[in-house]
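One-letter residues, chain by chain:
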Amino acid sequence: MRAAELKPLTNYLFHYPFVATPCLLIDMGRDVGGVGKRKSIVAFSAICSHKLAYPAREVAFIRFQASASKHSEAERIHCCADHSVYDPSANAKVVAGPAPAPLAAIALSYDAKTDQIRALGTAGTEQFDAFFAKYDFKLSMEYGGKARQQSAAATRVQELSLYCRNVAQC
Ligand code: FES
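Basis of the calculations
Residues numbered from 1 in each chain as written. Predicted model: local features only at pLDDT ≥ 70, side-chain atom pairs only at ≥ 80, totals over all residues. Helix = DSSP H or I, 4+ residues; strand = E, 2+ residues; numbered from the N terminus. Buried ≥ 20, exposed ≤ 12 C-beta atoms within 10 Å, placed from the backbone. Contact = placed C-beta atoms within 7 Å. Pairing = 2+ DSSP bridges. Core = buried A, V, L, I, M, F, W, Y, C linked by C-beta atoms within 7 Å. Axes fitted to C-alpha atoms, helices over the stretch in contact; angles between N-to-C directions.

S.K.: Would you mind going over the environment of N11 in detail, with residue names and values included?
M.R.: With respect to the helices and strands, the residue N11 is situated in the segment before β1 (12-15). The exposure class of N11 is buried, given the 25 C-beta atoms found within 10 Å. Along the sequence, N11 and D129 sit 118 residues apart, while their C-alpha atoms lie 25 Å from each other. Those residues in contact with N11, other than ones at most four positions away along the chain, are L24, I26, R63, F64, E159 and L160.

S.K.: A description of the pairing of strand β2 (residues 22-27) should follow, citing residues and the corresponding values.
M.R.: On a regular strand, one side chain projects to one face of the sheet and the next to the other, so that they alternate. The buried fraction of β2 amounts to six of the six residues, a majority that puts the element mostly inside the structure. The alternating pattern of β2 places P22, L24 and I26 and C23, L25 and D27 on opposite faces, both of which are buried. Between β1 and β2, which pair antiparallel one after the other, the connecting turn spans six residues. Taken together, the five bridges between β2 and strand β3 (residues 41-45) define a ladder with antiparallel strand orientation. Within the sheet, the bridge partner assigned to C23 lies in β3 and is S45.

S.K.: How would you explain the nonpolar core if you had to name every residue and give the values?
M.R.: Membership of the largest hydrophobic core comes to 40 residues, with the highest contact counts inside it found for Y12, C23, L24, F44, I62 and I77. Looking at this core, the elements with two or more residues in it are β1, β2, β3, β4 (62-65), β5 (76-79), β8 (105-111) and α3 (160-163). If near-sequence neighbours (up to four positions away) are discounted, I62 is found in contact with A46, C48, A53, Y54, P55, I77 and C79.

S.K.: If you had to explain the pairing of β8 to someone new, which residues and values would you point to?
M.R.: Inspection of the sheet shows β8 paired to strand β9 (residues 116-123) by seven bridges, in the antiparallel sense. Bridged to A107 within β9 is G121.

S.K.: Account for the environment of K146, with residues named and values stated.
M.R.: Considering the arrangement of structural elements, one finds K146 in the loop between α2 (136-143) and β10 (158-159). We classify K146 as exposed; it has 12 C-beta atoms within 10 Å.

S.K.: An account of the sheet that holds strand β7 (residues 93-96) is requested, with residue identities and associated values reported.
M.R.: One open sheet holds the four strands; their spatial order is β4-β5-β6-β7, and the pairing between them is antiparallel. Both outer strands of the open sheet, β4 and β7, are each paired with one neighbouring strand and no more. Pairwise comparison of adjacent strand axes, ignoring direction, gives a mean angle of 35 degrees for this sheet. Where β5 lies against strand β6 (residues 84-87), three bridges are found, and the strand directions are antiparallel. Considered in β6, the bridge of C79 is made with S84.

That's the geometry; what it means functionally is another story.
Structure (structure tokens):
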């Protein structure tokens, strides 16, 4: 997709590297060592390293929050399930709560000529095996046994609020 399509400090969701594994794409609006003209765009697996909460169609407990709340500072990825808080400007390191590890990072590439962003791979502590084991029945109902299929050459990016019917606030 083109970087210019992203609104700053907004939750975008895409599925990568598997069709059933959700990731958050965020333009932090400032240089955080990411990609894009301002090095402001980052992406992380949206599977919480605590108990594997993730953005599902019915509800997303884990999401980026632009503003501060009772449980976290502004500009954090916050899992409302048990209040694990990750800092997307510092490789999603854990800054609060019970999460034992950062979110896995999604490596991105950026072509300045075309303004295109691409996902290249993952880095860090992946939760994919645990995710597929924990949600095996649910995912097989939703994806007909194809949940572990790799994402196609193009994966859809959309605002989290358009994908999830309820986005938890906490
Ligand atoms: S599952 Fe995310 S904090 Fe517990």
